[in-house]
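Summary of the model geometry
The lines below spell out each chain.
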Amino acid sequence: MKDFDQLCKEFEKMDEITYSVILLEKAKTVLPALSALTNDGIDGVTLFATFILGAIVADNNLSKAEYAITLPLFKVFFGENINYESCGQNVKKMRSENKELTKLTDAMVDMIGELSEDLKADIILICLMICAIDGKVSAKEKRWIKKLIK
């Protein structure tokens, strides 16, 4: 991976269409790879969503850009009637339940350590892109991403 701070800056400047194209391409490889790795009833989409949600709650904020780019995933998990306000409330609730977020992050770090380097790099890239979609990768988000990199 390129220098972390440089990657953050590149993604902070990226437009939403480019984000969408890259995320779609990465999802095409990440989802099948995660599905192939699971054997305990958790499907690849659920694992992928866990990483996406972790990236979103890393800074305790759901920007409209994060919401827009992840809306299709939210609809799969939460139904068609999902809206920005309810998603924002759930993100804040998840973040306020710090023990749950810590458990989620720890589980994600453990899982990512078991993956191939290419798959790990793609997942980290996706998480970083989600964090940067609002034009800024916050210090909290950087710390969260760095935990996944270790």
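Residues numbered from 1 in each chain as written. Predicted model: local features only at pLDDT ≥ 70, side-chain atom pairs only at ≥ 80, totals over all residues. Heavy atoms only, no water.

**Focus: the packing of aromatic side chains**
One pass over the structure, following the stated rule, counts one aromatic pair. Judged by centre distance (5.4 Å) and plane angle (75°), the rings of Tyr 67 and Tyr 84 are edge-to-face. Of this pair, Tyr 67 sits in helix H4 (residues 64-78) while Tyr 84 sits in helix H5 (residues 84-96), placing them 17 residues apart in sequence. Looking at Lys 64, its charged tip hangs above the ring of Tyr 84, at a distance of 4.6 Å from the centre. (Phe/Tyr/Trp six-rings, centres within 6.5 Å; stacked < 30°, edge-to-face > 60°. Helix = DSSP H or I, 4+ residues; strand = E, 2+ residues; numbered from the N terminus. Lys NZ or Arg CZ within 6 Å of the ring centre and 35° of its normal.)

**Things to note about helix H7 (residues 117-132)**
In this model H7 runs 22 Å from its N-terminal to its C-terminal C-alpha over 16 residues, within 8% of the 22 Å that 1.5 Å per residue would give. Among the 16 residues in H7, 13 count as buried, and that is most of the element. (Expected span 1.5 Å × (residues − 1). Buried < 20%, exposed > 50% of the residue type's maximum accessible area, 1.4 Å probe, protein only.)

**Comments concerning a positive patch on the surface**
A cluster of like positive charges, contributed by Lys 140, Arg 143, Lys 146, Lys 147 and Lys 150, occupies part of the molecular surface. Structurally, Lys 147 is set in helix H8 (residues 139-149). (Patch = residues over 30% accessible without salt bridge, like charges linked within 9 Å, V, L, I, M, F, W, Y side chains within 5 Å. Areas by Shrake-Rupley, 256 points an atom, 1.4 Å probe, with all protein chains shown as cover. Salt bridge = Lys/Arg side-chain N within 4 Å of Asp/Glu carboxyl O. Lys, Arg positive; Asp, Glu negative; His and termini not counted. Charge placed at Lys NZ, Arg CZ, Asp CG, Glu CD.)

**Considerations on the environment of Lys 9**
Mapping Lys 9 onto the fold places it in helix H1 (residues 4-13). On the basis of relative accessible area, Lys 9 is assigned to the partly exposed category, the value being 47%. Lys 9 sits 123 residues away from Ala 132 along the chain, and the two C-alpha atoms are 8.5 Å apart.

**Looking at the confidence of the model for the protein**
Here the protein shows a mean pLDDT of 79. Residues at 70 or above account for 82%. When pLDDT is averaged over each element of the protein, H1 comes out on top at 91 and helix H6 (residues 98-113) at the bottom at 70. (pLDDT = per-residue confidence, 0-100.)

**Some thoughts on the pattern of salt bridges**
According to the stated counting rule, one finds three salt bridges in the structure shown. Between Lys 28 and Glu 25 there is a salt bridge; the shortest N-O distance is 3.4 Å. Of this pair, Lys 28 and Glu 25 both sit in helix H2 (residues 16-37), separated by three residues, roughly a single helical turn. The partly exposed category is assigned to Glu 25, whose relative accessible area is 45%.

**Re H1**
Within H1 the residues assigned to the buried category are Phe 4, Leu 7, Cys 8 and Phe 11. Projection of H1 onto a plane perpendicular to its axis shows the buried side chains occupying an angular sector of 100°, all on one side. Those residues of H1 that are buried are in contact with H2, H7 and H8. (Arc of directions from axis to C-beta. Contact = heavy atoms within 4.5 Å.)

**Some thoughts on the packing of H7 against H8**
Interhelical geometry of H7 versus H8 gives an angle of 175° and a closest axis separation of 10 Å. When the axes of H7 and H8 are compared, the pair comes out roughly antiparallel. On H8, the residues touching Lys 120, Ile 124, Cys 127, Leu 128 and Cys 131 of H7 are Glu 141, Trp 144, Ile 145, Leu 148 and Ile 149. Here the residues of the contact of H7 with H8 are counted per class, giving eight nonpolar, no polar and two charged. (Axes fitted to C-alpha atoms, helices over the stretch in contact; angles between N-to-C directions. Parallel < 35°, antiparallel > 145°, perpendicular 65-115°, else oblique. Nonpolar A, V, L, I, M, F, W, Y, C, P; charged D, E, K, R; others polar.)

**Re the side chain of Lys 120**
Mapped onto the elements of the fold, Lys 120 is located in helix H7. Buried within the structure, Lys 120 lacks any salt-bridge partner; its nearest side chain of opposite charge belongs to Glu 117, at an N-O separation of 4.7 Å. Among residues more than four places away in sequence, those in contact with Lys 120 are Ile 112, Leu 115, Leu 148, Ile 149 and Lys 150.

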